[in-house]
Amino acid sequence: MNTKKRGLSFYIKIYFKIIAQDIKSRMSYRADFIISTLGMIATNIVGFVAFWLMFSKFPSINGWGYYEMLFLYGFSLVAITPTQCLLDNNWNLRRYVYDGDFVKYCFRPINLFFYYESEVFDVKGFGQLFFGLGTICYAWYHLALPVNFVMILKLIVFLLSASLFMMAMQTAAAATCFWIENSFYILDLSLKLKDYAKYPITIYNPLFKFIFTFLLPVAFIAYYPSLVILRPDEVPLLSWLSPVIGGLFFYLSYKMWMRGASRYDGSGS
Amino acid sequence: MNRFKKYFALTRAGIIECVNYRMALVVMVFGNLLYLTLIYFVWKAIFASSGSDVVNGMTFETTMIYLVLATALFNFMEMYIVWEMGRDIQSGKIALNLLKPMKYKDYLFWSVSGSFVVNFVFTFIPTFLIVMLVTKGTIAIGINLIYFVIAVVLAVIINYEIDFIIGTVCLYTESIWGINVMKQAVVTLLSGATIPLAFFPEKLRTVIEYLPFRAIYDTPLTILLSRNPDAGMVAEKLLISLAWAVVMSLISHLFWHISIRQVTVNGG
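Just so we're clear, the structure is a prediction, and the values are computed from it rather than from any experiment.

A.B. asks: What is the right way to look at the overall build of chain B in this model?
C.D. replies: Looking only at helices and strands, chain B has 11 helices and two strands in total. For chain B, the succession of helices and strands along the chain, N to C, is α-α-β-β-α-α-α-α-α-α-α-α-α. Against the globule reference of 18 Å for 268 residues, chain B gives a C-alpha radius of gyration of 20 Å, in line with a compact fold. Along the first, second and third principal axes, the C-alpha set of chain B runs to 65 × 40 × 40 Å.

Right, here's the structure in full:
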């Protein structure tokens, strides 16, 4: 399959070429694009209202102030944006494998995972990104956090490493379709797990703390990385390690995806 | 009778299809349990920090029962009708379904009814029993169970009619995803599926009173949780639900008949 090693610049160049086609084809369905964007905004507004209804009446939850909770919420929204934008084609994988159309991806002289995911770029993700960034800024302002180069660098680095965890979970969940039929429910479950990310892990009991840290790493989507910014005096080791652990989780999910793909032998007619 | 025979044939096919994907069932039950733990811990933290046992007239126990059963109801009522219709429209399969010797609306309802049955047996009943056992008698067992069942039947109808109306919109827009997420966001919030309506501010609640969405989750659950339900109150709630069911099915019927002339199917 993968005959030659290609450089990073080759992949970046080809990525923009492929997604340009996808964006062009989407723009031709203008109504769909506008309605989808409105849908995205509506979902975010409703999520925000729900959050406000639950928490605004109480000064703090489990030692976490309202604005700190809001920060976690915004952080988790931004951290799932790369998954939404870059890996949206994972949702179609099940159908491609089931119908046998997946075979068309197997004959390209570039990385299979890369080629498959680059085919779709979900522009709607930007709506979520802006909403999340707005929430972070709003919370940042109310928490009177300092604004300086180091803080912003920290924010960017830890947002990126948080996003790796969500990407890893979605990729691994999508890859299950190579082994199991009708794996939609697994992917849907892994998407739902993001709802757990916006709460501080301290509200769970030890068993679930363990599960959400090491088995289903949702606590890394907002809680651990945010500690670096919110509570700089009590940052646990796991927070500092989150870029490395994120990389590891993503690498494992990628390997799983590729292993599944190499198992694929075309069931189509 | 003959009519029902063909409907039940569809139900049976749906049941067989669901049971065939056993793995999906396992994941669904597991995911449901995980979700319930999340709800449990979050609301426990909220009640712990409020400093009192009763928040907005609800105790931790009633809030939990409300939300757990709302999730269970959601799991069996959400049949992804809008997705189904959208896909039918986009793929052109709708042309074939329109030719079937049955109204499209009936056909769609009865073909998802199989998963209604499976989800009811595999998620709703176990959840309900667990909740009853764990909370030991917070749910009164009596006439309210019968009212609850009636309210759920009406809720299923209203939910289906709303989905069908939104699905009909897809005939015009040819957009599925956006319409569907918008509907889901609005309905889950305003029906009380994620947060009990008692937690909403007074003004917002007044608005919600006049919308059909509360009949889907809030009405059945409030009836179930009321001890010694007052017959007048229950009758009023059920009549409102019934009225909404009639109104929504009229709207969806008319809207569909006007819109179906719109269909353009790409050949292929």
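A.B. asks: Is there a simple way to think about the interface of chain B and chain A in this case?
C.D. replies: A common way to express how large an interface is: the accessible area buried when the components associate. Between chain B and chain A, the contact holds 38 residues from the first and 42 residues from the second. Between chain B and chain A, the buried area comes to about 3,300 Å², and carbon and sulfur atoms account for 80% of it. Three residues stand out in chain B for area buried against chain A, namely Leu34, Phe41 and Trp177 of chain B, and they jointly supply 17% of the buried area on that side. The tally of links between chain B and chain A comes to three residue pairs in polar contact (both at pLDDT 80 or more). Tallied by class, the residues present in the side of chain B that touches chain A amount to 28 nonpolar, eight polar and two charged.

A.B. asks: Looking at this structure, I do not really get the pattern of salt bridges. What am I missing?
C.D. replies: Close approach of charged atoms allows side chains with opposite charge to pair. Residue and element names in this part refer to chain B. Within this structure, the stated rule accounts for 11 salt bridges over all chains. A salt bridge links Glu161 to Lys105, with the nearest nitrogen and oxygen atoms 3.1 Å apart. Taken together, the positions of Glu161 in helix H7 (residues 143–173) and Lys105 in helix H6 (residues 104–135) put the pair 56 residues apart, joining distant regions of the chain. This pair shows no difference in class: Glu161 is buried, exactly as Lys105 is. Here Glu209 and Arg214 are joined by a salt bridge, their closest N and O atoms 3.7 Å apart. By sharing partners, the salt bridges in this structure join Glu78, Asp163 and Lys183 into a single network.

A.B. asks: Honestly, the packing of helix H3 (residues 60–77) of chain B against helix H10 (residues 218–225) of chain B in this entry has me stumped. Any pointers?
C.D. replies: Residues and elements named next belong to chain B. Remark: H3 packs on H10, axes separated minimally by 10 Å, with the N-to-C direction vectors making an angle of 135 degrees. The orientation of H3 relative to H10 falls into the category oblique. For H3 against H10, the interelement crossing comes out right-handed. Residue-level contacts link Thr62, Ile65, Tyr66, Leu69, Ala70 and Leu73 of H3 to Asp218, Leu221, Leu224 and Leu225 of H10. Considering only residue class, the contact of H3 with H10 consists of eight nonpolar, one polar and one charged.

A.B. asks: Would you mind showing me how to read empty space enclosed by the protein here?
C.D. replies: If you roll a probe as big as a water molecule over the atoms, it shows you where there is empty space left. All names here are of chain B. Inspection of the entire model under this criterion finds four cavities of 30 Å³ or more. Residue lining of the largest cavity: Phe74, Glu78, Asn159, Asp163, Lys183, Gln184, Val187, Thr188 and Tyr217, and that is the complete set. Contributing elements (two or more residues each) for the lining of the largest cavity: H7 and helix H8 (177–190). Here the element with the most residues in the lining of the largest cavity is H8; it accounts for four residues. Taken together, the residues of the lining of the largest cavity break down into three nonpolar, three polar and three charged.

A.B. asks: Just to check I follow, could you spell out the side chain of Asn89 of chain A for this structure?
C.D. replies: Looking at where Asn89 of chain A falls in the secondary structure, it is placed in the loop between helix H4 (81–86) and helix H5 (90–99). Discounting chain neighbours no more than four positions away, the residues touching Asn89 of chain A are Tyr96, Tyr105, Tyr116, Glu117, Glu119 and Val120 of chain A.

A.B. asks: Explain a nonpolar patch on the surface to me, please; I cannot follow it from the model alone.
C.D. replies: Residues and elements named next belong to chain B. On the surface, Val29, Leu33, Val117, Phe120, Val121, Phe122, Ile125 and Leu129 cluster together into a nonpolar patch covering about 630 Å² of accessible area. Of all the elements, H6 adds the most residues to the nonpolar patch, at six residues. Tracing the backbone through its elements, the reader meets Ile125 in helix H6. Overall, the relative accessible area of 35% leaves Ile125 in the partly exposed class.

A.B. asks: I tried to follow H8 of chain B on my own but got confused; where do I start?
C.D. replies: Because each turn of an α-helix spans 3.6 residues, side chains separated by three or four positions in sequence point in the same direction. Between the first and last C-alpha of H8 of chain B there are 20 Å, a value that for 14 residues agrees with the 20 Å anticipated at 1.5 Å per step. Counted residue by residue, H8 of chain B has 10 buried out of 14 residues, so it is predominantly covered. Where H8 of chain B is buried, its residues meet helix H2 (30–55) of chain A together with H3, helix H4 (81–91), H7 and helix H9 (202–209) of chain B. After H8 of chain B finishes, the residue Gly192 of chain B shows a positive phi value of roughly 85 degrees.

A.B. asks: In this structure, what is going on with the packing of H6 of chain B against H7 of chain B? I would like to understand it.
C.D. replies: Residue and element names in this part refer to chain B. Across the interface, H6 lies against H7 with an axial gap of 12 Å and an inter-helix angle of 140 degrees. What the angle tells us is that H6 and H7 run oblique. By crossing handedness, the relation of H6 to H7 is classed as right-handed. Residues Tyr104, Lys105, Leu108, Phe109, Phe116, Phe124 and Phe128 of H6 form the contact with H7, whose own contacting residues are Leu145, Phe148, Val156, Tyr160, Glu161 and Phe164. Of the residues assigned to the contact of H6 with H7, the class counts are 11 nonpolar, no polar and two charged.

A.B. asks: Where do I start with the nonpolar core in this structure?
C.D. replies: Across soluble globular proteins, you tend to see nonpolar side chains buried next to one another. By size, the foremost hydrophobic cluster in this structure holds 135 residues, and its most contacted members are Phe55, Phe71, Tyr199, Tyr204, Phe212 and Ile221 of chain A together with Trp43 of chain B. Counting residues per element, this core draws most heavily on H7 of chain B, which supplies 13 residues. Filtering out sequence-adjacent residues up to four positions away, Tyr204 of chain A remains in contact with Tyr196, Tyr199, Lys209 and Phe212 of chain A together with Leu38 and Phe41 of chain B. With 34 residues, the next largest nonpolar core counts Tyr11, Leu93, Phe114 and Ala173 of chain A among its residues.

A.B. asks: Can you walk me through the packing of aromatic side chains in this structure?
C.D. replies: Pairs of aromatic rings are described using the distance from one ring centre to the other and the angle between the two planes. Per the stated rule, a full pass over the model turns up 58 aromatic pairs over all chains. Ring plane angle 75 degrees and centroid distance 6.3 Å describe the contact between Phe48 of chain A and Phe131 of chain A, whose orientation is recorded as edge-to-face. Of this pair, Phe48 of chain A sits in helix H2 while Phe131 of chain A is found in helix H7 (residues 125–142), placing the two residues 83 residues apart along the sequence. For the pair Phe120 of chain B and Phe124 of chain B, a centre-to-centre distance of 5.4 Å together with 15 degrees between the ring planes defines the contact as stacked. On the criterion of helical spacing, the pair formed by Phe120 of chain B and Phe124 of chain B is a turn pair, its members being four residues apart in helix H6.

What counts, and where the lines are drawn
Residues numbered from 1 in each chain as written. Chains lettered and ligands numbered in written order. Predicted model: local features only at pLDDT ≥ 70, side-chain atom pairs only at ≥ 80, totals over all residues. Heavy atoms only, no water. Helix = DSSP H or I, 4+ residues; strand = E, 2+ residues; numbered from the N terminus. Rg over C-alpha atoms; globule rule 2.2 N^0.38 Å. Contact = heavy atoms within 4.5 Å. Buried area = accessible area lost by both parts, 1.4 Å probe. Polar contact = N/O pair within 3.5 Å; in protein donor to acceptor, adjacent residues only side chain to side chain. Nonpolar A, V, L, I, M, F, W, Y, C, P; charged D, E, K, R; others polar. Salt bridge = Lys/Arg side-chain N within 4 Å of Asp/Glu carboxyl O. Buried < 20%, exposed > 50% of the residue type's maximum accessible area, 1.4 Å probe, protein only. Axes fitted to C-alpha atoms, helices over the stretch in contact; angles between N-to-C directions. Parallel < 35°, antiparallel > 145°, perpendicular 65-115°, else oblique. Left-handed = near helix turned anticlockwise from the far one by under 90°. 1 Å grid on protein atoms, 1.4 Å probe; cavity = no way out; pocket = protein on both sides within 12 Å on 5 of 7 lines; lining within 4 Å. Points joined across faces, edges and corners; volume = space filled by probe spheres on them. Patch = residues over 30% accessible without salt bridge, like charges linked within 9 Å, V, L, I, M, F, W, Y side chains within 5 Å. Areas by Shrake-Rupley, 256 points an atom, 1.4 Å probe, with all protein chains shown as cover. Expected span 1.5 Å × (residues − 1). Core = buried A, V, L, I, M, F, W, Y, C linked by side-chain atoms within 4.5 Å. Phe/Tyr/Trp six-rings, centres within 6.5 Å; stacked < 30°, edge-to-face > 60°.

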